[in-house]
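# Fold and geometry: a report
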Amino acid sequence: MTWDLFSSAPRPDPKGGAGPRRPSDEELAHAVAGAEADGVLERPRPREDWTVSGVNAAARRLVEGFFPPLWIVGEVANFTRARSGHCYFSLRDDASQIRCVMWRDDARHLPTTPAEGMEVRAFGRITMYEARGEFQFVVSSLEGKGEGLWKLALERLRAKLEAEGLTAPARKRPLPRVPRTIGVVTSPSGAVLHDIVNVVRRRAPWTRIVLCGCRVQGEGAAQEIAAAIRRFGKSGVADVLIVGRGGGSVEDLWAFNEEEVARAIAASPIPVISAVGHETDVTIADLVADLRAPTPSAAAEAAVPDGKALARDLVKLEGRMTGALRARATDVRRALAGLATDMSRATDRLVARRRDRLNASAHRLHALSPLAAFERGFALPVSDTGKILRNREDFTPGLAFDLRVRDGSVPVRVEEE
Amino acid sequence: MEDPTLEQALDRLDEIAIRLEGGDLELADALALYEEGVRLLRVADTALGAVEERIQQLTPDGEGGRVEPLPE
């Protein structure tokens, strides 16, 4: 069981702590005697008039003289935090209660305000508030049973961020495929940076690594982590961030549960991979990050691609390009060949058509030519002067003329009347 | 113009391969794309082969900080 480490007051750790001790009458008598001897306490004398202030002051000295700084267990009731920052509450058990105050500077360290009825263990000093004559317990350190306050703080923050949608899976951004630069937010001396560098050098040695070192535990660590994340966002040097630290206890990891860190991650313009603690540790930072990695090495593996695989991709791409171009050239060749065929076919068709037309004309001409007439059996009468005899009157009786036929001439005389 | 980043080169190469495989390009366009692809392959190959030796750090300087080499 771990307890609050943040209290400023020194405190004893009761060994084999049983329940709270109730002073016996004997112890009380001893204490009063001691106080009298020290001159701290003046035993009230009968018949002497005391003032109220006097009584209260004396009672206060008595009480403070008797009780050393101590732990009290009980249930918290009516816890209020005033505007001043001071906290007022009561601690109770079955039979009694005691009024408590926790001053602002001590209350600052509380992970969250205790819930009503929560079982707590409080360290402080018993005193009297003189002005009101009130017996009270000034608490300097408060712990919940079984890390109760821490768990409560965590649960409250988780619910708050969830309600704002900051933990939604839909909000998680994809990581860049081939980042040029990765930013690392971690302790400069831890193993986290070392592990990340090893993985990056093995997988993607061309990648730049930029560290923004900070404390990763203790007072002020959360502010430093958040500031580093914001600085990366403002500078724009990195394409992806790895935020993390090595393993440790709940307190060691606590900075990554703080609201400031969660908000810085949620607001980061650059995708964030969280790598906090061991595989089983889950912090608020893990819930709002774009990716949660179980270890820093795993974070680096997720952040950078495998250089060898990329080299193989390049070879494949070259093959595809060359293959495609070769296919394209074949297509062109085929197209050209096709074109040639088409062209010769078209030319042939043209020639055939011309030939047909020529033939037709030749036939027509032939039909019109006189030679064709001779073929059909017509004869041409021609006079001895070469004149063609057409009309009946040209054929005077007894006239001699030539009759031209297909294969020659025949002498002919017109009959006498 | 600045050389494309490795990621940009890979993305463009993928595009070029797909367009070349498409088969509906003019031969002149296909040749031009192929040439661009060859150039990008060279850029990518060089980028993949580079080795970044030094780790750098982001130090406070205004809001954005300054990048400088990390002392060993």
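Calculation notes
Residues numbered from 1 in each chain as written. Chains lettered and ligands numbered in written order. Predicted model: local features only at pLDDT ≥ 70, side-chain atom pairs only at ≥ 80, totals over all residues. Heavy atoms only, no water. Helix = DSSP H or I, 4+ residues; strand = E, 2+ residues; numbered from the N terminus. Buried < 20%, exposed > 50% of the residue type's maximum accessible area, 1.4 Å probe, protein only. Contact = heavy atoms within 4.5 Å. Areas by Shrake-Rupley, 256 points an atom, 1.4 Å probe, with all protein chains shown as cover. Core = buried A, V, L, I, M, F, W, Y, C linked by side-chain atoms within 4.5 Å. Pairing = 2+ DSSP bridges. Axes fitted to C-alpha atoms, helices over the stretch in contact; angles between N-to-C directions. Buried area = accessible area lost by both parts, 1.4 Å probe. Salt bridge = Lys/Arg side-chain N within 4 Å of Asp/Glu carboxyl O. Polar contact = N/O pair within 3.5 Å; in protein donor to acceptor, adjacent residues only side chain to side chain. Patch = residues over 30% accessible without salt bridge, like charges linked within 9 Å, V, L, I, M, F, W, Y side chains within 5 Å. Expected span 1.5 Å × (residues − 1). Lys, Arg positive; Asp, Glu negative; His and termini not counted. Charge placed at Lys NZ, Arg CZ, Asp CG, Glu CD. Phe/Tyr/Trp six-rings, centres within 6.5 Å; stacked < 30°, edge-to-face > 60°. Parallel < 35°, antiparallel > 145°, perpendicular 65-115°, else oblique.

### Some details on the overall build of chain B
- For chain B, the helix and strand inventory stands at two helices and two strands.
- For chain B, the sequential pattern of α-helices and β-strands runs α-α-β-β.
- Scored against the burial criterion, the 72 residues of chain B give a buried share of 28%.
- Looking at chain B alone, contacts between residues at least 24 apart form 31% of all its contacts between residues at least 6 apart.
- Approximately 4,600 Å² of chain B is accessible, and the part contributed by carbon and sulfur atoms is 49%.

### A few points about the nonpolar core
- Of all hydrophobic cores here, the largest spans 44 residues; its most connected members are A:Ile182, A:Ile196, A:Ile242, B:Leu6 and B:Leu20.
- With seven residues, helix H1 (residues 6–22) of chain B is the largest single contributor of residues to this core.
- When sequence neighbours within four positions are dropped, the list of residues in contact with B:Leu20 reads A:Met321, A:Ala324, B:Leu25, B:Ala30, B:Leu33 and B:Tyr34.
- Membership of the second largest hydrophobic core comes to 34 residues, among which are A:Ala226, A:Ala228, A:Ile270 and A:Ala289.

### Notes on the sheet that holds strand E10 (residues 291–292) of chain A
- If you trace the seven strands from one edge of the open sheet to the other, you get E10(A)-E9(A)-E8(A)-E6(A)-E7(A)-E1(B)-E2(B), paired in mixed fashion. Looking at the sheet topology across the chains shown, the edges are occupied by E10 of chain A together with strand E2 (66–69) of chain B.
- For strand E1 (residues 56–59) of chain B and E2(B), the ladder comprises four bridges, and the chain directions are antiparallel. Residue pairing in the sheet places B:Gln56 in a bridge with B:Pro69 of E2(B).
- Sheet strands touched by helix H5 (residues 191–203) of chain A: strand E6 (181–186), strand E7 (208–213) and strand E8 (240–245) of chain A. Its angle to E6(A), the strand with the most contacts, is close to 160°.

### Comments concerning the interface of chain B and chain A
- Taken residue by residue, the interface counts 40 residues in chain B and 33 residues in chain A.
- Three residues, B:Leu48, B:Glu52 and B:Leu58, lead the burial of chain B against chain A; their summed loss comes to 20% of the area buried on that side.
- Our count for the chain B to chain A interface comes out at four salt bridges.
- B:Asp11 is paired through a salt bridge with A:Arg177; the nearest N and O atoms lie 2.5 Å apart.
- Summed over the shared surface of chain B and chain A, the result is eleven residue pairs in polar contact (both at pLDDT 80 or more).
- Those elements that provide at least two residues to the side of chain B that touches chain A are H1, helix H2 (27–49) and E1 of chain B.

### Here we look at a nonpolar patch on the surface
Residues and elements named next belong to chain A.
- Together, Leu336, Leu339 and Met343 give the surface a local cluster of nonpolar side chains, amounting to about 320 Å² of exposed area.
- Relative to the helices and strands, Leu336 is located in helix H11 (residues 307–368).
- Leu336 gets classed as exposed once you look at its relative accessible area, which sits at 52%.

### Regarding helix H4 (residues 148–163) of chain A
- End to end, H4(A) covers 22 Å across 16 residues, agreeing with the expected 22 Å (1.5 Å per residue, within 8%).
- Those residues of H4(A) not exposed but buried are A:Gly148, A:Leu149, A:Trp150, A:Leu152, A:Ala153, A:Leu157 and A:Leu161.

### A look at the sheet that holds strand E13 (residues 408–413) of chain A
Residue and element names in this part refer to chain A.
- Read across the open sheet, the three strands follow the order E11-E12-E13; overall the sheet is antiparallel. Each having just a single partner strand, strand E11 (380–382) and E13 make up the two edges of the open sheet. For this sheet, the mean inter-axis angle between neighbouring strands, taken without regard to orientation, is 30°.
- Of the strand pairs in this sheet, strand E12 (residues 400–405) and E13 are connected by six bridges, and their pairing is antiparallel. Within E13, the residue paired with Leu403 across the bridge is Val410.

### Some words on a negative patch on the surface
- Taken together, the side chains of A:Glu75, A:Asp93, A:Asp94 and A:Glu116 present a region of like negative charge at the surface.
- Along the chain, the position of A:Asp93 falls in the loop between strand E2 (87–92) and strand E3 (97–102).

### So, the packing of aromatic side chains
All names here are of chain A.
- According to the stated counting rule, one finds five aromatic pairs over all chains in the structure shown.
- Residues Phe79 and Phe89 carry aromatic rings whose centres are separated by 5.0 Å and whose planes lie at 25° to one another, so their mutual orientation is stacked. You can see Phe79 sitting in strand E1 (residues 70–81) and its partner Phe89 sitting in strand E2, a full ten residues away along the chain.
- For Phe79, a relative accessible area of 15% translates into the label buried.
- Judged by relative accessible area, which is 4%, Phe89 ranks as buried.

### Some details on the packing of helix H6 (residues 221–235) of chain A against helix H8 (residues 259–267) of chain A
Residue and element names in this part refer to chain A.
- Between H6 and H8, the shortest axis-to-axis distance is 8 Å and the interhelical angle comes to 10°. The angle between H6 and H8 falls in the class roughly parallel. Residue-level contacts link Ala222, Gln223, Ile225, Ala226, Ile229 and Arg230 of H6 to Glu260, Val261, Ala264 and Ile265 of H8.

### Overview of the pairing of E8(A)
All names here are of chain A.
- Burial within E8 is extensive, with six of its six residues counted as buried.
- Along E8, one buried face is formed by Val240, Ile242 and Gly244 and the opposite face, lined by Leu241, Val243 and Arg245, is buried too.
- As judged from the four bridges shared by E6 and E8, these two strands associate in the parallel manner. For Ile182, the partnering residue across the bridge sits in E8 and is Val240.
- Note: E8 against strand E9 (residues 272–276), five bridges, orientation parallel. Opposite Leu241, over in E9, you have Val272 as the bridge partner.

### What about unusual backbone geometry?
- A positive phi angle, close to 50°, is found at A:Asn78, a residue other than glycine.
- Mapped onto the fold, A:Asn78 is located in strand E1.

### A short note on H11(A)
- Between its first and last C-alpha atoms H11(A) spans 91 Å; for 62 residues at 1.5 Å apiece the expected length is 92 Å, and the two agree.
- The inward-facing, buried residues of H11(A) contact H5 of chain A together with H1 and H2 of chain B.
- At the N-terminal end of H11(A), a side-chain oxygen is found 3.2 Å from the backbone nitrogen of A:Lys308, two or three residues along, and the residue is A:Asp306.

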